[in-house]
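Structural description and commentary
Next come the chains, spelled out residue by residue.
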Amino acid sequence: MWTLALRGGARVAVGAAEWCDAFCVVTRGRVQLELRDGEPGPVLGRDAGFWLRGTGVRALRNPGRRTARVRIVTPRSRNVTCQSTPAHQLPNDGGTT
């Protein structure tokens, strides 16, 4: 299980290979799903759970100003805490966090 911290206004790309078996739960704040075509999807609040497999979601966004947190559970063992990058800044290594 790991935690994704999305700062206010931040966006994190959802790579199909990395997120294919992920179940997510919003534990703080609100998270908006960005759909495959770039259109905004539903905004999920605290305690909302969702699968990413087969959904076509291409990114997670924080529409608020405060940091949102998402707990991510996968069958693979992964104990890391990820920090997001604000939507207007690109990572300097071209990867996702």
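The rules behind the values
Residues numbered from 1 in each chain as written. Predicted model: local features only at pLDDT ≥ 70, side-chain atom pairs only at ≥ 80, totals over all residues. Heavy atoms only, no water. Helix = DSSP H or I, 4+ residues; strand = E, 2+ residues; numbered from the N terminus. Buried < 20%, exposed > 50% of the residue type's maximum accessible area, 1.4 Å probe, protein only. Contact = heavy atoms within 4.5 Å. Areas by Shrake-Rupley, 256 points an atom, 1.4 Å probe, with all protein chains shown as cover. Core = buried A, V, L, I, M, F, W, Y, C linked by side-chain atoms within 4.5 Å. Salt bridge = Lys/Arg side-chain N within 4 Å of Asp/Glu carboxyl O. Pairing = 2+ DSSP bridges. Axes fitted to C-alpha atoms, helices over the stretch in contact; angles between N-to-C directions.

What follows covers the overall build of the protein. Helix and strand content of the protein: one helix and nine strands. Along its sequence from the N terminus, the protein presents helices and strands in the succession β-β-α-β-β-β-β-β-β-β. When burial is assessed residue by residue, the protein has 36% of its 97 residues classed as buried. Contacts in the protein between residues far apart in sequence, at least 24 positions, make up 73% of those at least 6 positions apart. Of the accessible surface of the protein, which amounts to about 5900 Å², a share of 49% is contributed by carbon and sulfur atoms.

This paragraph deals with the nonpolar core. What tends to happen in soluble globular proteins is that the nonpolar side chains get buried as a cluster. With 21 residues, the main nonpolar core has Leu4, Leu6, Trp19, Cys24, Phe50, Leu60 and Ile72 as its most contacted residues. Residue assignment for this core shows that the elements contributing at least two residues are β1 (2-6), β3 (23-28), β4 (31-34) and β8 (68-73). In this structure Cys24 touches Trp19, Ala48, Gly49, Phe50, Leu52, Val70, Arg71 and Ile72, once residues within four positions along its chain are discounted.

Located in the positive-phi region is Asp47, a residue other than glycine, with phi close to 75°. On the secondary structure map, Asp47 appears in the loop between β5 (40-44) and β6 (49-51).

Throughout the structure, instances matching the rule amount to three salt bridges. Several salt bridges share partner residues, and in doing so they unite Arg11, Glu34, Arg58 and Arg61 into one network.

Across three bridges, β3 lies against β6 in antiparallel orientation. Bridge pairing links Phe23 to Trp51 in β6. Direction of pairing for β3 relative to β8: antiparallel, over a ladder of five bridges. The residue bridging Val26 from the neighbouring strand is Val70, located in β8.

Read across the open sheet, the four strands follow the order β2-β7-β4-β5; overall the sheet is antiparallel. Edge positions in the open sheet fall to β2 (11-13) and β5, since each of these has one partner strand only. Averaged over all adjacent pairs, the angle separating strand axes in this sheet is 20°, with direction ignored. By the bridge criterion, three bridges tie β4 to strand β7 (residues 59-61) in an arrangement that is antiparallel. By the bridge assignment, Glu34 is partnered in β7 with Ala59.

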